[in-house]
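Remarks on the overall topology
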Amino acid sequence: MEKKVILVTGGSGQVGKAIQKVLKDDKKEDEEWIFLSSKDANLLNKPETYAVFEKYKPTHVIHLAATDGGQYAHIGHSCEFFRDNMNMNDNILEVSCKMEVKKLVSCLSTCIFPDRTTYPIDETMIHNGPPHQTSFGFSYAKRMMEVLNRAYNEERGCIFTSLIPCNIFGPHDNFNVSLGHVIPVLINKAYEAKKNGTPFEIWGSGEAMRQFIFSEDLAKLFIWAVREYEEIEPLIIAPDEADEISIKDVARMILEAFDFQGEIKFMPGMEDGQLKKTASNAKLRKYLPQFQFTSNRKAIMETVQWFKDNFETARK
């Protein structure tokens, strides 16, 4: 039986940690999993990237590492987000090709889709127009992964593909109020508001609609993809359209998890971002019609409890 060596970049982040947790009950004898962190190599540096691939000689790669952050982290940093991610992605794909990696699955984001479009969005619509202005540097860099996947396949026969998840959250997320994504930011703010007896502030109107995916669900789907998904064309990873929820309702679930009884303040002068980016999971359902996504309420409860239990060491 030929052994698979599956290397995960960004292995110490929330999705990498979730993959490690899922594998405790789903590891196969013919697989060796390697989880890289920034301590192992600077993936912006080509010699370091080559060296770490030479060290582990992966047969398969899950590429999660990225320069990323929440909506407010992107404002004023589009050049940095574009250049860092383009550089890192180019290094990873080039070395994977030269070392004859059998399959590479990278992580994109639904923010790559056009800002002005029809809904629901699907995998054919990636390049139909510019992404939302708040994250355009990051979004264009991630779009180019899809372009490179096709180019490497057409010219060199590489099996490089991508998953496109909606908004991810869960344990080991970045809960920093300035840099994090919406759910971890709201969790941190709710914790502080309850502890200090201060109002709970929601930036924006709370009316924006989002689909969310629990990190452990995404982990299961990355494991499935690296084992089973053979298309070069990307695959949207999102719960059903009926599970789309407003930021206002997400905030209420978080406050319920904390049993917060204080004042709630909306700040409509702050940026809402895209008001909607509903994604179709029809293609995913053709492959995995019975896959069960964790409900938003259950996933939020688990994430809030993890944050409470790990407050001293959580990223924030």
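A few points on the structure. (Residues numbered from 1 in each chain as written. Predicted model: local features only at pLDDT ≥ 70, side-chain atom pairs only at ≥ 80, totals over all residues. Heavy atoms only, no water.)

**Let's talk about the overall build of the protein**
Across its full length, the protein holds 10 helices and 12 strands. What you see for the protein is a C-alpha radius of gyration of 19 Å, in line with the 20 Å of a compact globule of 316 residues. Taken along its principal axes, the extent of the C-alpha atoms in the protein is 60 × 40 × 40 Å. Each of the 316 residues in the protein was classed as buried or not, and the buried ones make up 54%. Restricting the contact set of the protein to residue pairs at least 6 apart, pairs at least 24 apart contribute 81%. (Helix = DSSP H or I, 4+ residues; strand = E, 2+ residues; numbered from the N terminus. Rg over C-alpha atoms; globule rule 2.2 N^0.38 Å. Buried < 20%, exposed > 50% of the residue type's maximum accessible area, 1.4 Å probe, protein only. Contact = heavy atoms within 4.5 Å.)

**Focus: the sheet that holds strand S5 (residues 160–165)**
Strands pair in a sheet through their backbones, by hydrogen bonds, and they do so in one of two ways: parallel or antiparallel. The strand order S2-S1-S3-S4-S5-S10 describes an open sheet built from six strands, whose pairing is parallel. With one partner strand each, in any of the chains shown, strand S2 (31–35) and strand S10 (235–237) form the two edges of the open sheet. Averaged over all pairs of adjacent strands, the angle between strand axes in this sheet comes to 20 degrees, irrespective of strand direction. Direction of pairing for strand S1 (residues 4–9) relative to S2: parallel, over a ladder of five bridges. (Pairing = 2+ DSSP bridges. Axes fitted to C-alpha atoms, helices over the stretch in contact; angles between N-to-C directions.)

**Here we look at the pattern of salt bridges**
A full pass over the atoms with the stated rule returns 18 salt bridges. Two residues, Glu32 and Lys3, come together in a salt bridge whose shortest N-O distance is 3.0 Å. In this pair, Glu32 is assigned in strand S2 and Lys3 in the segment before S1, connecting sequence segments 29 residues apart. A salt bridge links Lys298 to Glu302, with the nearest nitrogen and oxygen atoms 2.5 Å apart. Taken together, the residues span about one helical turn, with Lys298 and Glu302 both in helix H10 (residues 296–309) at a distance of four residues. (Salt bridge = Lys/Arg side-chain N within 4 Å of Asp/Glu carboxyl O.)

**Observations concerning empty space enclosed by the protein**
Inspection of the entire model under this criterion finds one cavity of 30 Å³ or more. Volume-wise, the largest cavity comes out at about 30 Å³. Around the largest cavity sit Asn167, Ile168, Phe169, His181, Val182, Ile183, Pro184 and Phe212, which together line it. Put simply, the parts of the chain that give the lining of the largest cavity at least two residues each are strand S6 (167–169) and helix H6 (182–196). Of the residues in the lining of the largest cavity, the class split is six nonpolar, two polar and no charged. (1 Å grid on protein atoms, 1.4 Å probe; cavity = no way out; pocket = protein on both sides within 12 Å on 5 of 7 lines; lining within 4 Å. Points joined across faces, edges and corners; volume = space filled by probe spheres on them. Nonpolar A, V, L, I, M, F, W, Y, C, P; charged D, E, K, R; others polar.)

**Side note on unusual backbone geometry**
Residues apart from glycine generally show negative phi values, whereas peptide bonds are mostly found in trans. Cis peptide bonds are those with omega within 30 degrees of zero, and the linkage from Tyr119 to Pro120 qualifies with 5 degrees. For Pro120, the location among the structural elements is in the loop between strand S4 (103–107) and helix H5 (136–156). Although it is not a glycine, Glu100 adopts a positive phi angle of roughly 55 degrees. In this structure, Glu100 sits in the loop between helix H4 (78–98) and S4. Although it is not a glycine, Asp259 adopts a positive phi angle of roughly 50 degrees. Its place among the elements puts Asp259 in the loop between helix H8 (247–258) and strand S12 (264–267). With a relative accessible area of 49%, Asp259 lands in the partly exposed category.

**Considering helix H7 (residues 215–228)**
Under the 1.5 Å per step criterion, the end-to-end length of H7 is 20 Å for 14 residues, consistent within 8% with the ideal 20 Å. Counting buried residues along H7, 12 of its 14 residues qualify, which places the element largely inside the surrounding structure. (Expected span 1.5 Å × (residues − 1).)

**Some remarks on the nonpolar core**
Within soluble globular proteins, side chains that are nonpolar tend to cluster in buried spots. In terms of nonpolar packing, the biggest core is built from 61 residues, with Ile19, Trp33, Ile62 and Phe222 touching the most fellow members. If you tally residues by element for this core, the top one is H7, at eight residues. Residues Ile183, Ile187, Ile202 and Val304 belong to the second largest nonpolar core, which totals 29 residues. (Core = buried A, V, L, I, M, F, W, Y, C linked by side-chain atoms within 4.5 Å.)

**Section: the layout of surface pockets**
Any empty space left between the atoms is revealed when a probe the size of a water molecule rolls over them. Reported here for the second largest pocket is a volume of approximately 150 Å³. Lining the second largest pocket, in full, are Gln14, Lys17, Ala18, Gln20, Lys21, Lys24, Pro171, His172, Ser215, Glu216 and Trp306. Elements that contribute at least two residues to the lining of the second largest pocket include exactly helix H1 (14–23) and H7. Residue contributions to the lining of the second largest pocket peak at five residues, all from H1.

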